[in-house]
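Each chain, letter by letter, is given below.
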Amino acid sequence: MDDLRGVLEASPDAVLVVDAEGVIRRANRHVPEILGYAPEELEGEVVEELLLKEDRQHHVGFRREYIEDPEPRPMGNELDLYALREDDTRIPVEISLGPVERDGERYVVATVSDISERRKRERKLERQNERLEEFAGIVSQDLRNPLSVAAGRLELAREECDSDHLDAVDHSLDRMEALIDDLLALARDGRMIEDVESVDLAALAEECWQGVRRTTPPSSSRRSGRSGPTDGGSGSSS
């Protein structure tokens, strides 16, 4: 067993060597950092003492099954695992199991990782996603409903008259619908915008201006004396 000590001490996580009866035979120097025990305090103790009381009885059966058919694998895959520290506080952990044999005896090497910080990040992300989903639902309802009403009114207006203004309204409604879709996609994705690219500012300004012109009645433009960004009219700035 002493030949494993170098390997155990090289691990950045807490490592326990447990025999077929569940007795801890070796514990490395990282055990105090994660579990609060000095290595010598655990050596000779039953490994179930490190589990929550409600999990100990079930674990005895699982441990015996593993000894009968051992293979390297995570313990309790897809389950929330907790270890009981020396001060009786519990911490979320990941445990990897691996079998070894020495002098005809079978042992289990259990590597214990404290995942408290990861769980905190996961909970924070879950709360953020919940808020984003709530926001997306509010946006979808509060903005789409008026758009639906406006679209219905537009169809009624088309039945009563034929005007270029109606086409401009139709274009604006389509644009608003596209903007809402983009906003909802961004909110539900829940990620920061990381990829950026350069744009032609003059071309972008011209595109925005053309959108304004399509939705502004000609008589309104004449009254306000507005001109486009490239028209050189009184509305331009130096």
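Quick look at the structure, then. (Residues numbered from 1 in each chain as written. Predicted model: local features only at pLDDT ≥ 70, side-chain atom pairs only at ≥ 80, totals over all residues. Heavy atoms only, no water.)

## Focus: the overall build of the protein chain
Note the following rule: In DSSP terms, a helix is any run of H or I states spanning at least four residues, a strand is any run of E spanning at least two, and both are numbered starting from the N terminus. The classification of residues rests on relative accessible area computed with a 1.4 Å probe and restricted to protein chains. Under 20% of the type maximum is buried, over 50% is exposed, and intermediate values are partly exposed. In what follows, residue pairs with any heavy atoms lying within 4.5 Å of each other are defined as contacts. Where accessible areas are quoted, they stem from the Shrake-Rupley method and a 1.4 Å probe; at the residue level, only the protein chains shown are allowed to cover.
When helices and strands are counted, the protein chain shows eight helices and six strands. The N-to-C order of helical and strand elements in the protein chain reads α-β-β-α-α-α-β-β-β-β-α-α-α-α. In the protein chain, which comprises 238 residues, the share counted as buried stands at 29%. Of the contacts formed within the protein chain by residues at least 6 apart in sequence, a portion of 45% connects residues at least 24 apart. Accessible surface, the protein chain: about 16500 Å² in total, of which carbon and sulfur atoms supply 49%.

## So, a positive patch on the surface
In plain terms, the rule: Every patch collects residues that have over 30% relative accessible area and no salt bridge, joining them within 9 Å if they carry like charges and within 5 Å if they are nonpolar side chains (Val, Leu, Ile, Met, Phe, Trp, Tyr). The working definition used for a salt bridge is a side-chain nitrogen of Lys or Arg within 4 Å of a carboxyl oxygen of Asp or Glu. In summary, the charge assignment counts Lys and Arg as positive and Asp and Glu as negative, without counting His or the chain termini. To locate a charge, the coordinates of NZ of Lys, CZ of Arg, CG of Asp or CD of Glu are taken.
Taken together, the side chains of Arg 123, Lys 124, Arg 127 and Arg 131 make up a positively charged region of the molecular surface. In this structure, Lys 124 sits in helix H5 (residues 116-160). Judged by relative accessible area, which is 55%, Lys 124 ranks as exposed.

## Quick word on H5
Here is the rule: Helix span, as expected, comes to 1.5 Å for every residue beyond the first. To get the bend at any residue, fit one axis to the seven residues that end at it and another to the seven that begin at it, then take the angle between the two axes.
Its 45 residues place the ends of H5 66 Å apart at the C-alpha level, agreeing with the 66 Å of an ideal helix rising 1.5 Å per residue. Roughly 25° is the biggest bend found in H5, and it falls at Arg 144, with proline Pro 146 one to four residues downstream. Considered for burial, the residues of H5 that qualify are Ser 116, Arg 119, Ala 136, Val 139, Leu 147 and Leu 154.

## Some points on the nonpolar core
Nonpolar side chains in soluble globular proteins generally cluster together in the buried interior. This is how it is decided: To form a nonpolar core, buried Ala, Val, Leu, Ile, Met, Phe, Trp, Tyr and Cys residues must be joined to one another through side-chain atoms within 4.5 Å.
Judged by nonpolar contacts, the single largest core of 24 residues is most densely connected at Leu 16, Val 31, Leu 35, Leu 42 and Ile 95. Looking at this core, the elements that each hand over two or more residues are strand E1 (14-19), strand E2 (24-27), helix H2 (31-35), helix H4 (53-68), strand E4 (81-84), strand E5 (90-102) and strand E6 (105-114). If you tally residues by element for this core, the top one is E5, at four residues. Counting nine residues, the second-largest nonpolar core is a separate cluster that includes Ala 136, Leu 147, Leu 173 and Ile 180.

## Quick notes on a negative patch on the surface
A cluster of acidic residues, Glu 40, Glu 41, Glu 86 and Asp 88, forms a negative patch at the surface. Mapped onto the fold, Glu 41 is located in helix H3 (residues 39-42).

## Points about a nonpolar patch on the surface
A cluster of nonpolar residues, Val 199, Leu 201 and Leu 204, forms a patch on the protein surface that exposes about 310 Å² of accessible area. Position of Leu 201 among the secondary structure elements: in helix H7 (residues 201-215).

## Comments concerning the side chain of Ser 11
Counted only if it meets this: Pairing of N or O atoms within 3.5 Å defines a polar contact, subject to two protein rules: one partner must be a possible hydrogen donor and the other a possible acceptor, and residues neighboring in sequence count only if both atoms are side-chain atoms.
Summarising the element assignment, Ser 11 is placed in the loop between helix H1 (5-10) and E1. On the basis of relative accessibility, which here comes to 14%, the residue Ser 11 falls in the buried class. Here Asp 13 takes part through its backbone nitrogen, which lies 3.2 Å from a polar atom of the side chain of Ser 11. Those residues within four positions of Ser 11 in sequence are excluded, and the remaining contacts are Asn 28, His 30 and Thr 111.

## Thoughts on the pattern of salt bridges
By the definition in use, this model includes 13 salt bridges. Note that Arg 119 and Asp 80 form a salt bridge whose closest N and O atoms lie 3.3 Å from each other. Pair noted here: Arg 119 is in helix H5 and Asp 80 is in the loop between strand E3 (73-74) and E4, with a separation of 39 residues, a long-range link. Of the residues examined, Arg 119 reaches a relative accessible area of 14% and is grouped as buried.

In short, geometric facts, not functional conclusions.
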